[in-house]
Amino acid sequence: MQDAYIVDAVRTPFGKQGGSFRDTHPQDLAAEPLLALEERNGFTGSEDIEDVIYGCVTPTDEQANNIARLAPMVAGWDDTVPGVQLDRMCGSGQQAINFAAAQTAAGAHDVLIGGGIEHMSRVPMGSAGSSITDTYFEHFDELTTQGEGAERIAEQWGFSRDDVDQIAADSQSRWGEAAEAGHYDTHVTPVETELDDETVVVEEDEHPRPGTDTDTLANLPLAFRGEGDGVIHAGNSSGIVDGSAAALIASEDGMDEHGWEPMARIVDTHVVGVDPVTMLTGPIPATQEILEQNDMSIDDIDRFEVNEAFASVITAWLEETGADWDRTNTWGGAIAHGHPLGATGAALLPKLAYQLEEYDEQYGLCTMCIGFGQGVATIIERV
């Protein structure tokens, strides 16, 4: 076995639903991180990249036909670069990086790209269709939505609306502080695109509302239940956005050949299955088990990224793991910048690497909840 490293990582700005990317084809958006990585790291995609692994949760219509294969061709990397698209629902982008790391660790490849794409304006959630066999209900009593799962988590742990709204307000303010400090400048690549027949350059996430506070959130209507019967609303849920992200993954031999220096070593990866009814508790055992299998404790980890699908997910994770909120989602999360389903994990894991570099720290852990009851986790080490 050999080590796998994150050499570099970039993402596009996340455009709000119906925003600046509304006229941008998903294949073009998926190609943007590839082009940025090529320019930043001096490789030639058609000669040096051995495979492209992309997450995409809704691979239909404009995201069909294996967008991981199409993206490098759209980027001009000719027909020699293979690509594979995967779907582990919300964990797809992180899983793409994890699979790239596994291929590298196994010695199958030396230079790969792991990333993801989701254009939620042009290919909306659910547009691929959904069907559950009656046989499913021989084993499970009911089929819930993710929103209802988030509500049940809040009920199970006894969280008030103010509890989860505080997490949401912190996410917004943290994104604003990080953006103002320039923390996103190094890994958010500007995208030039056409909008209403004019050329525009999109440079910053469009979804955040950094002035949001709990008083503002308290006035929003509930999204999944009637008033007085829940806590989840649009303001404490992840934003629907368009975006793509990618990381350059390499072995030591691959880095030596190209003269690259790594950002972080991928220490370990892990996936779990959990109850599909509450659905979103996967980050809890994923975190606990990956720490155990590496003989680490929660106190050994310097920074955490936990996808903010819903604020109740984060609140339960904090309570069960004992992690410090001040070291979690330090630069804001998906409640602020949004959650382009297949791309988010490929943005959060590298964001963690950038934080370790910024704060001169050693270990980071990224984890995500996943529909139908799964969780994914990755530990990285700054090198």
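Scroll up to find the structure this text is about.
Procedures and definitions
Residues numbered from 1 in each chain as written. Predicted model: local features only at pLDDT ≥ 70, side-chain atom pairs only at ≥ 80, totals over all residues. Heavy atoms only, no water. Buried < 20%, exposed > 50% of the residue type's maximum accessible area, 1.4 Å probe, protein only. Helix = DSSP H or I, 4+ residues; strand = E, 2+ residues; numbered from the N terminus. Contact = heavy atoms within 4.5 Å. Disulfide = S-S within 2.5 Å. Core = buried A, V, L, I, M, F, W, Y, C linked by side-chain atoms within 4.5 Å. Phe/Tyr/Trp six-rings, centres within 6.5 Å; stacked < 30°, edge-to-face > 60°. Lys NZ or Arg CZ within 6 Å of the ring centre and 35° of its normal.

*Asks:* Go over helix α10 (residues 311-321) with me, naming the residues and quoting the values.
*Replies:* α10 sits mainly inside the fold: 9 of its 11 residues count as buried. What α10 keeps buried is the set Ala 311, Ser 312, Val 313, Ile 314, Thr 315, Ala 316, Trp 317, Leu 318 and Thr 321. Contact partners of the buried residues in α10: α5 (146-157), α6 (161-181), α9 (283-293), β10 (303-306), α11 (334-337) and β11 (363-370). Of the residues trailing α10, Gly 322 is marked for its positive phi of about 80 degrees.

*Asks:* Help me get a handle on the state of the cysteines, residues and values and all.
*Replies:* A disulfide bridge is the covalent bond that connects two cysteines by way of their sulfur atoms. Throughout the structure, instances matching the rule amount to 0 disulfides. Cysteine Cys 90 is unpaired, with the sulfur of Cys 369 as its nearest cysteine sulfur at 6.1 Å. Residue classification places Cys 90 among the buried residues on the basis of a relative accessible area of 6%. You can call Cys 369 buried: its relative accessible area is 0%.

*Asks:* So what's going on with the nonpolar core? Which residues, and what values?
*Replies:* Of all hydrophobic cores here, the largest spans 41 residues; its most connected members are Leu 280 and Phe 304. Every element with two or more residues in this core is listed here: α5, α6, α9, β10, α10, β11 and β12 (374-382). A total of 6 residues in this core trace back to one element, the largest contributor, which is α10. Once residues lying within four places of it in the same chain are set aside, the contact partners of Phe 304 are Ile 298, Trp 317, Ala 323, Arg 327, Thr 328, Asn 329, Leu 352 and Leu 365. Residues Ala 4, Ala 101, Trp 175 and Met 263 belong to the second largest nonpolar core, which totals 35 residues.

*Asks:* Give a description of the packing of aromatic side chains that names residues and reports values.
*Replies:* Tallied over the full model, the rule gives 9 aromatic pairs. One aromatic cluster is present, formed by Trp 175, Tyr 184, Trp 331 and Tyr 359 through successive ring pairs. Taking the ring centre of Phe 14 as reference, the NZ or CZ of Arg 11 above it sits at 4.1 Å. Positioned over the ring face of Trp 325 is Arg 174, at 4.1 Å from the centre of the ring.

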